[in-house]
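Letter by letter, the chains look like this.
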Amino acid sequence: DTEVTQTPKHLVMGMTNKKSLKCEQHMGHRAMYWYKQKAKKPPELMFVYSYEKLSINESVPSRFSPECPNSSLLNLHLHALQPEDSALYLCASSQGLAVFQETQYFGPGTRLLVL
Amino acid sequence: GNSVTQMEGPVTLSEEAFLTINCTYTATGYPSLFWYVQYPGEGLQLLLKATKADDKGSNKGFEATYRKETTSFHLEKGSVQVSDSAVYFCALTVPGNFNKFYFGSGTKLNVKP
């Protein structure tokens, strides 16, 4: 099973709302990733978690707050977003062995619209 | 630095035509190379990968060979189908950087019946 699940599939929120995106995998992977993808562009890395610790933050604004409560779950908390934050948010996971360059397995994404 | 360059799209082909999508890279260290495919409204799916020079990745009729001498990883398929219409991303990752992926800009493929 190489499945990464993401909820919700679609989300519409106002600029004053607080919402969360959820990502889950049951492959025993220890590395998890958040990406943002705008239309007709490649995914842009936002955060990397390795063994539940934040390893990379690509200078993401603080209105995006990641959380990794356990090895299977990754959340992205959203607060005071701007319309330009509207995008497809993708989660991915990989084995997390660190010494290898590993395949990342992607979820289907959450399509976010900020009004 | 690390980067991936893909041919500009869109690429429009008739069914059963031969497909080539060019991908070249620059990398610090010895990269692993990947092709991912994204169908409309979906996430990315791994199509194939190669981890060392002269390796050939293959899947679903698609192939790509890791060419270190030309720093290339071109994607090919002998006979495309309408169902292959999607966006294709070439990507690399190098050792020691938490498996950070560097994606190319993506190439949209349209296959007409």
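Attention here is on the structure that accompanies the text. Note that this is a predicted model, so its numbers are computed, not measured.

### A few points about the overall build of chain B
From N to C terminus, chain B includes zero helices and 12 strands. Listed N to C, the secondary structure of chain B is β-β-β-β-β-β-β-β-β-β-β-β in terms of helices and strands. Dimensions along the principal axes, computed over C-alpha positions, put chain B at roughly 45 × 30 × 20 Å. In chain B, which comprises 113 residues, the proportion classed as buried is 45%. Long-range contacts, defined here as pairs at least 24 residues apart, represent 56% of the contacts in chain B between residues at least 6 apart.

### Here's the deal with the pairing of strand β8 (residues 62-65) of chain B
Residue and element names in this part refer to chain B. Bridging between strand β7 (residues 56-59) and β8 involves four bridges; their strand directions are antiparallel. Looking at the pairing, N59 lines up with F62 of β8. Linkage of β7 to β8, two consecutive antiparallel strands, is achieved through a turn of two residues, within which K60 is found at a positive phi near 55 degrees. Alignment of β8 against strand β9 (residues 75-77), held across three bridges, turns out to be antiparallel. Residue pairing across strands places E63 opposite E76, the latter belonging to β9.

### Concerning the sheet that holds β8 of chain B
All names here are of chain B. Pairing is antiparallel in the open sheet, where four strands are placed in the order β3-β9-β8-β7. Edge positions in the sheet fall to β3 (19-21) and β7, since each has one partner strand and no second. Geometrically, the sheet is characterised by an average inter-axis angle of 15 degrees between neighbouring strands, direction not taken into account.

### Remarks on the pairing of strand β5 (residues 44-50) of chain A
Residue and element names in this part refer to chain A. Extensive coverage of β5 is indicated by the burial of six of its seven residues. Bridge count for strand β4 (residues 31-37) against β5 is six bridges, and the pairing is antiparallel. Across the sheet, the residue bridging to Y33 is V48, located in β5. Following β4, the chain reverses through six residues before pairing antiparallel with β5; K40 in that reversal takes a positive phi of roughly 65 degrees.

### Details of the environment of Y105 of chain A
Summarising the element assignment, Y105 of chain A is placed in strand β10 (residues 105-106). Y105 of chain A sits 10 residues away from Q95 of chain A along the chain, and the two C-alpha atoms are 9.5 Å apart.

Cut-offs applied
- Residues numbered from 1 in each chain as written.
- Chains lettered and ligands numbered in written order.
- Predicted model: local features only at pLDDT ≥ 70, side-chain atom pairs only at ≥ 80, totals over all residues.
- Heavy atoms only, no water.
- Helix = DSSP H or I, 4+ residues; strand = E, 2+ residues; numbered from the N terminus.
- Buried < 20%, exposed > 50% of the residue type's maximum accessible area, 1.4 Å probe, protein only.
- Contact = heavy atoms within 4.5 Å.
- Pairing = 2+ DSSP bridges.
- Axes fitted to C-alpha atoms, helices over the stretch in contact; angles between N-to-C directions.

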